[in-house]
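Chain by chain, the residues run as shown.
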Amino acid sequence: MAAPEPDPGRAPGTGPAPHTTAETGNTPGSAPDPEPLTVPSMSAGPDFVLRPWEMSDLPLVREASLDPYIPLITTIPARYSEAAAEAFVRGQWERAATGAGYPFAIVRSRDRRPVGAIGLWLRELPEGRASLGYWLTDTARGQGVARAALRTVTGWALRDLGVPRLQLYIEPWNTASARIAEDIGFRREGLLRGWQQVGDERRDMAVYALLNSDGPVDGRAVTAH
């Protein structure tokens with residue numbers, strides 16, 4: 001799992017909180033409010049599909065809430081309730097509506113079962129950067145899900161959206177995620193000490209990056225827009 005972009009309106013490590021929207025209206029000389037985003041559906045190879053979150057995904061939220069790690073680095077509720085799960089899904093819709101990024105559910109093609117999530121977060125896009133984060137439920141790990149989803153969103157962000165630089169933040173112990181990132185073309189650039197609050201402690205994060213100018217992703221040329 002790669003650590004996601006911290007959620008606006010949530011202090012790191014404080015547990016789930018309502019997603020908040022930015023105040024509307026601009027002061028003179030300020031940047032315009034982000035435009036609402038439409039989250040597309042796309043194939044992630046023959047076995048998985050990426051699509052917007054739906055209220056039918058509450059079982060996925062339940063399964064993720066039982067994981068010992070996912071609630072520590074996301075806004076997945078640590079104590080599941082239907083109300084908390086519905087609020088989480090609405091929060092993903094709000095992220096797109098406020099231009100914060102593109103949240104996807106990862107769905108297995110053969111039975112349409114959601115097995116995880118991946119997001120492309122645009123908070124730093126005015127500076128030419130975007131970040132990626134993803135998580136999978138325990139039963140979906142080790143099956144190529146993360147690799148397929150990350151490759152798909154990475155290629156889409158670089159080719160179709162023309163993002164100049166993509167970033168991933170991965171805990172140093174997470175060698176599986178690091179290997180996936182490097183296989184796709186991300187390069188480790190350094191260690192950010194005490195970068196993120198995870199549970200009750202500050203954790204180091206390794207930063208991985210891929211530039212639009214770095215070359216092919218998944219065998220297809222990247223063209224800067």
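Our structure's up above, just so we're on the same page.
Residues numbered from 1 in each chain as written. Predicted model: local features only at pLDDT ≥ 70, side-chain atom pairs only at ≥ 80, totals over all residues. Heavy atoms only, no water.

Visitor: Tell me what's going on with the pattern of salt bridges, and back it up with residues and numbers.
Guide: Enumeration over the complete set of coordinates arrives at 13 salt bridges. The partner of R165 in a salt bridge is E189, and the shortest N-O contact between them spans 2.6 Å. Of this pair, R165 sits in strand β6 (residues 165–170) while E189 is found in strand β7 (residues 187–198), placing the two residues 24 residues apart along the sequence. When its relative accessible area of 47% is taken as the criterion, E189 is described as partly exposed. A salt bridge links E171 to R203; its shortest N-O distance comes to 2.9 Å. Taken together, the residues span a long stretch of sequence, with E171 in the loop between β6 and α5 (175–184) and R203 in strand β8 (residues 201–211) at a distance of 32 residues. Judged by its relative accessible area of 4%, E171 is buried. Take R203: its relative accessible area is 21%, and that puts it in the partly exposed class. One salt-bridge network, in which partners are shared between bridges, spans R51, E54 and D57. (Salt bridge = Lys/Arg side-chain N within 4 Å of Asp/Glu carboxyl O. Helix = DSSP H or I, 4+ residues; strand = E, 2+ residues; numbered from the N terminus. Buried < 20%, exposed > 50% of the residue type's maximum accessible area, 1.4 Å probe, protein only.)

Visitor: Explain the packing of aromatic side chains to me, and be specific about the residues and the numbers.
Guide: Applying the stated criterion across every chain yields a total of 6 aromatic pairs. With centroids separated by 6.4 Å and ring planes inclined at 45°, the aromatic side chains of W53 and W135 adopt a geometry described as tilted. Residue W53 is located in the loop between β2 (48–51) and α1 (58–65), and its partner W135 is located in strand β5 (residues 129–136); the two are separated by 82 residues in the primary sequence. Between F104 and W156, the ring centres sit 5.9 Å apart and the planes meet at 85°, which makes this aromatic pair edge-to-face. Here F104 is found in strand β3 (residues 101–108), whereas its partner W156 is found in helix α4 (residues 145–159), with 52 residues between them in sequence. Residue F104 is classed as buried on the basis of its relative accessible area of 0%. The positively charged end of R95 is found above the aromatic ring belonging to W121, 4.0 Å away from the centroid. (Phe/Tyr/Trp six-rings, centres within 6.5 Å; stacked < 30°, edge-to-face > 60°. Lys NZ or Arg CZ within 6 Å of the ring centre and 35° of its normal.)

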